[in-house]
Every structure is written in structure tokens, then in C-alpha cells.
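The residues making up each chain are set out below.
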Amino acid sequence: MPRTLITWTQDETAGVPLPRFVGRVGAVVVGICAYDGASRFWTWWSPLAEDIWGHGQDAEGARQGCEAWLRGWLENFRPFFT
């Protein structure tokens, strides 16, 4: 997978790391990956589009799935910028 422009940071509360990562490009949140204890998968979603989500077996897999979806989704907008 190509080098990403997304910076993933782990959420924390009171200094305790949570099983949740937030992906940003600059100040814009483009993806979220969180552990779902009920299904024991990592679930990703993006606030950029409704009803978009997926799963990964680990945090890295979920982040990669989110990034792959974002690349494909953003490709649709290329004609507007060229």
C-alpha cells in the first residue's frame, strides 16, 4: 500500500489508552478505528460518508481497510481538481 498521509493517534482518557484510533489529515478527521468487544473485531468508519464501515482482525488491518476505502472514494473527486 502506498505511503499514507493519514496520521493515526490512539485515544485516551485520564492518561489510559483506549482501544480506539482516530485518523486525521491535518485537522480533518477522516477515519476512526475502534475495537468491538462483542464481535472481537476492529471496526472502522469514516465521518466523510454515511453508512461506510468495515472490519479488521487487528487495529492495523482496520486502518489499512479504512485507508483503502478512502483512496477509492476520493478518486471519484479527481475530475473536479484536474
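Here, every reference points to the structure presented above.
Every chain's residues receive numbers from 1 upward, in the order its sequence appears when written. Only residues with pLDDT of at least 70 get local features here, since the model is predicted, and only at 80 or more are side-chain atom pairs given and counted; chain-wide, interface and lining totals rely on the full set of residues. Excluding hydrogens and water, the side-chain values take into account all heavy atoms of the structure.

1. So, the side chain of T43
To keep things clear, this is the line we draw: A run of H or I in DSSP becomes a helix once it reaches four residues, and a run of E becomes a strand once it reaches two; helices and strands are each numbered from the N terminus. The criterion used for residue contact is that any of the two residues' heavy atoms lie within 4.5 Å.
Within the secondary structure, T43 is located in strand β4 (residues 41-45). In this view, T43 contacts I32, C33, A34, D36, G54 and H55; residues no more than four positions away in its chain are not counted.

2. Details of the pattern of salt bridges
We count it as follows: Take a side-chain nitrogen of Lys or Arg and a carboxyl oxygen of Asp or Glu: if they are within 4 Å of each other, that pair is a salt bridge. Any residue under 20% of the maximum accessible area for its type is buried, any over 50% is exposed, and the rest in between are partly exposed; the area is computed with a 1.4 Å probe on protein chains only.
Considering all chains together, one arrives at three salt bridges under this definition. R63 serves as the salt-bridge partner of E60, at 2.7 Å between the closest nitrogen and oxygen. Highlighted residues: E60 and R63, both in helix α1 (residues 59-75), separated by three residues, approximately one helical turn. Owing to a relative accessible area of 38%, E60 belongs among the partly exposed residues under this scheme.

3. Structural notes on the environment of E75
Residue position: E75 is located in helix α1. On a C-alpha basis, the gap between E75 and E60 in space is 23 Å, while along the polypeptide they are 15 residues apart.

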